[in-house]
Amino acid sequence: MDDRRDLTLHINGQRHDIRLAARKTLADAIREDCGLTGTHTGCEHGVCGACTILVDGDPVRSCLMFAVQAEGRDIRTVEGLAERDNLHPLQQAFIDHHALQCGFCTPGFLMLIIGALAREPDPSEAALVDLIASNMCRCTGYKNIIEAVRWFEGRRSEKGES
Amino acid sequence: MKPAPFTYHAPALLEDALAILGDTAQDDGRVLAGGQSLVPMMALRLAQPAHLVDIGRIDGLGDLIEDSAGLTIGALVRHQRFHAPVVEGVLGRLLRYVSSHIAHLPIRLRGTFCGSLANADPASEWCLVAATLNARMTARRRGETRVIAAADFFDGVMATALSPDEILTGVQIPHPLPGTKVGFYEFSRRAGDFALAMSLVSYRIEGGVVTDPRIGLGGVEEYPRRIAQAEEIVAGQPLESDVLERTAEATAAAIAPLVDHHTSAAYRRDLARIAVLRAFARAAQGEPADG
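Residues numbered from 1 in each chain as written. Chains lettered and ligands numbered in written order. Predicted model: local features only at pLDDT ≥ 70, side-chain atom pairs only at ≥ 80, totals over all residues. Heavy atoms only, no water.

## Notes on the environment of Ala279(B)
Residue and element names in this part refer to chain B.
Stage number 1. As for its position among the elements, Ala279 is in helix α10 (residues 265–284).
Stage number 2. Classification of Ala279 as buried rests on a relative accessible area of 0%.
Stage number 3. Once the C-alpha coordinates of Ala279 and Gly183 are considered, the two residues, 96 residues apart in sequence, prove to be 4.6 Å apart. (Helix = DSSP H or I, 4+ residues; strand = E, 2+ residues; numbered from the N terminus. Buried < 20%, exposed > 50% of the residue type's maximum accessible area, 1.4 Å probe, protein only.)

## A short note on α10(B)
Residues and elements named next belong to chain B.
Stage number 1. Spanning 20 residues, α10 covers 29 Å between terminal C-alpha atoms, matching the ideal 28 Å at 1.5 Å per step.
Stage number 2. Within the sequence span of α10, burial applies to Arg268, Leu271, Ala272, Ala275, Val276, Leu277, Ala279, Phe280, Arg282 and Ala283.
Stage number 3. Its buried side turned inward, α10 meets α3 (90–99), β11 (181–187), β12 (197–206), β13 (209–218), α8 (228–234) and α9 (241–254). (Expected span 1.5 Å × (residues − 1). Contact = heavy atoms within 4.5 Å.)

## Remarks on the pattern of salt bridges
Stage number 1. Tallied over the full model, the rule gives 24 salt bridges over all chains.
Stage number 2. One salt bridge connects Lys24(A) with Asp33(A), and the closest N-O pair in it is separated by 2.9 Å.
Stage number 3. Take Asp33(A): its relative accessible area is 26%, and that puts it in the partly exposed class.
Stage number 4. Two residues, Asp270(B) and Arg273(B), come together in a salt bridge whose shortest N-O distance is 3.1 Å. Taken together, the residues span about one helical turn, with Asp270(B) and Arg273(B) both in helix α10 at a distance of three residues.
Stage number 5. A single network of salt bridges, built from pairs that share partners, joins Arg141(B), Glu144(B), Arg146(B), Asp165(B) and Glu166(B). (Salt bridge = Lys/Arg side-chain N within 4 Å of Asp/Glu carboxyl O.)

## Here's the deal with the sheet that holds β11(B)
Residue and element names in this part refer to chain B.
Stage number 1. With antiparallel pairing, four strands are arranged side by side in an open sheet as β11-β12-β13-β14. Each edge of the open sheet is held by one strand with a lone partner, namely β11 and β14 (225–226).
Stage number 2. Relative to β14, β13 runs antiparallel, the two being bridged by two bridges. Note on β14: the bridge partner recorded for Leu217 is Arg225.
Stage number 3. Strands β11 and β12 of the sheet are contacted by α3, whose axis makes an angle of about 5° with β11. (Pairing = 2+ DSSP bridges. Axes fitted to C-alpha atoms, helices over the stretch in contact; angles between N-to-C directions.)

## Quick notes on the domain arrangement of chain B
Stage number 1. Domain boundaries in chain B define domain 1 (7–54), domain 2 (64–174) and domain 3 (181–284).
Stage number 2. For domain 1 of chain B and domain 3 of chain B, the distance between their C-alpha centroids amounts to 35 Å. (Domains from an automatic or database assignment.)

## Overview of the packing of aromatic side chains
Residues and elements named next belong to chain B.
Stage number 1. Enumeration according to the criterion identifies eight aromatic pairs over all chains in this entry.
Stage number 2. With centroids separated by 5.0 Å and ring planes inclined at 55°, the aromatic side chains of Phe82 and Trp126 adopt a geometry described as tilted. Here Phe82 is found in the loop between β5 (70–74) and α3, whereas its partner Trp126 is found in helix α6 (residues 125–132), with 44 residues between them in sequence. In terms of burial, Phe82 and Trp126 fall into one category: buried. (Phe/Tyr/Trp six-rings, centres within 6.5 Å; stacked < 30°, edge-to-face > 60°.)

## Describing the side chain of Thr263(B)
Residue and element names in this part refer to chain B.
Stage number 1. By secondary structure assignment, the location of Thr263 is in the loop between α9 and α10.
Stage number 2. The exposure class of Thr263 is buried, given its relative accessible area of 1%.
Stage number 3. Among the polar contacts listed, one links the side chain of Thr263 to the side chain of Asp260, at a separation of 2.7 Å.
Stage number 4. Looking at Thr263, its side chain comes within polar contact range of the side chain of Arg268, at 3.2 Å.
Stage number 5. If we skip the residues at most four places from it in the chain, Thr263 touches Arg189, Leu196 and Arg268. (Polar contact = N/O pair within 3.5 Å; in protein donor to acceptor, adjacent residues only side chain to side chain.)

## Notes on the sheet that holds strand β2 (residues 14–21) of chain A
Residues and elements named next belong to chain A.
Stage number 1. If you walk across this open sheet you meet the five strands as β2-β1-β5-β3-β4, and the pairing is mixed. Since the sheet does not close on itself, it has two edges, and those belong to β2 and β4 (58–61), each with one partner. Strand-to-strand twist across the sheet, computed as the mean angle between neighbouring axes with direction ignored, equals 40°.
Stage number 2. Strand direction decides the pairing type here: strand β3 (residues 52–55) and β4, joined by four bridges, are antiparallel. Among the inter-strand pairings, Ile53 is bridged to a residue of β4, identified as Val60.

## Regarding the interface of chain A and chain B
Stage number 1. Chain A puts 33 residues into the contact, and the matching count from chain B is 32 residues.
Stage number 2. Buried area between chain A and chain B, both sides added, is near 2,600 Å², and the carbon and sulfur share of it is 58%.
Stage number 3. Of all residues in chain A, the largest losses of buried area upon contact with chain B belong to Arg23(A), Leu64(A) and Phe66(A), amounting jointly to 24% of the total for that side.
Stage number 4. Between Asp28(A) and Lys2(B) there is a salt bridge; the shortest N-O distance is 2.7 Å.
Stage number 5. Counting across the chain A and chain B interface gives eight residue pairs in polar contact (both at pLDDT 80 or more). (Buried area = accessible area lost by both parts, 1.4 Å probe.)

## Some details on the pairing of β2(A)
All names here are of chain A.
Stage number 1. Pairing geometry for strand β1 (residues 4–11) and β2, over eight bridges, is antiparallel. Note that in β2 the partner of Leu7 across the bridge is Ile18.
Stage number 2. The turn joining β1 and β2, which pair antiparallel and follow one another in sequence, is formed by two residues; a positive phi near 50° is taken by Asn12.

## Thoughts on helix α5 (residues 142–158) of chain A
Residue and element names in this part refer to chain A.
Stage number 1. Taking 1.5 Å per residue as the helical rise, α5 with its 17 residues ought to reach 24 Å, and the 24 Å between its terminal C-alpha atoms agrees with that figure.
Stage number 2. Every buried residue of α5 is listed here: Ile145, Ile146, Ala148, Val149, Phe152, Glu153 and Arg156. Take α5 and look down its axis: the buried residues cluster within an arc of 160°, on one side only. Relative to its buried face, α5 has exposed residues pointing more than 90 degrees away, namely Lys143 and Glu158.
Stage number 3. At its buried positions, α5 is contacted by α2 (89–96), α3 (106–119) and α4 (125–132). (Arc of directions from axis to C-beta.)

Rendered as structure tokens:
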């Protein structure tokens, strides 16, 4: 007996009226019911971090929330980063610093880092290493991810952005 | 890797949550708080509750209350809340340091202190804190509230004194007495991974000797607990290396370690011994941690 219900999700400023089973994870709802496949599912039990998104600004694993828990929350996914044809500066920094190889983990890393830097800008080297240990990159691109974040942080402080 | 079907309940009032849980506990109704342990278990189909009672929309459960008796941590207080000290003094610093050992930021932003206790994983840092610092657990069911002492709370691997229709609504940690020193040490193979051994110690020095020693050990046995045989050795003694060696060895001798394919009992005993020594070393430095 599947508990199906109507639900409204707000993702990247857009409203999605969907109908799904209570057991459907937020990650699956975003991909299958809202059509936003930039959020990737890897392990589906909270270990790999590929499905990291922002919920009310917090980076969270979307495979460890049920979609029904996200009603009324402000959800942000990788699709919400670019403005038209202009990539988010952290996305561009990932390209410029070769911070991705296969790219499967990239959306999760981007959302993790953007969410974490909004909470605590300019992390120490140790704090940054600790942060990106949250997510798995099987191409082992961590060093270049750190370089991309450092460039992004330097650019932010030059421009006086918070 | 998809959870089995369940009926979802999201009451706005604690009383309603208790009523729903009372009605569904016999049918494997479960409380959903942060979901960072329960949801993975559901994804792996190790847990297949027929009902989930989501307490995430209940006002007031996210409160942290400090009064003369101690710090009371509500059912929806998340791990990351402790990242900035929530109380002055050694307790706030300890909770901050311990919280940094729990998984990673996205998990810490969702998972809850009380949820960790109710889940009672042997490697849970918060369970060790509760056991060592004599926390008091408030459990509520429909029409009944009771307080459970830490020494009576843990009951086995992921087993507690909570009955299926009870919600752990709050945990109170008593204030440490002035002059209390605490130290925490955890060994795990990877940052954020499960602890293979961890120790939390607290004591005061009065008249040059150790007073009110508490030696907690977690991640080694079925559940974290204070090791009375070790506390007896250090109590009333000066804090000297030979005393601490004997205390650590008594810890290793007193325990029944968990074993698995990677860790033998002898290995875990040795980790326990080292964890106690390093926890004492950190306490003696006057900070819970060197980090």
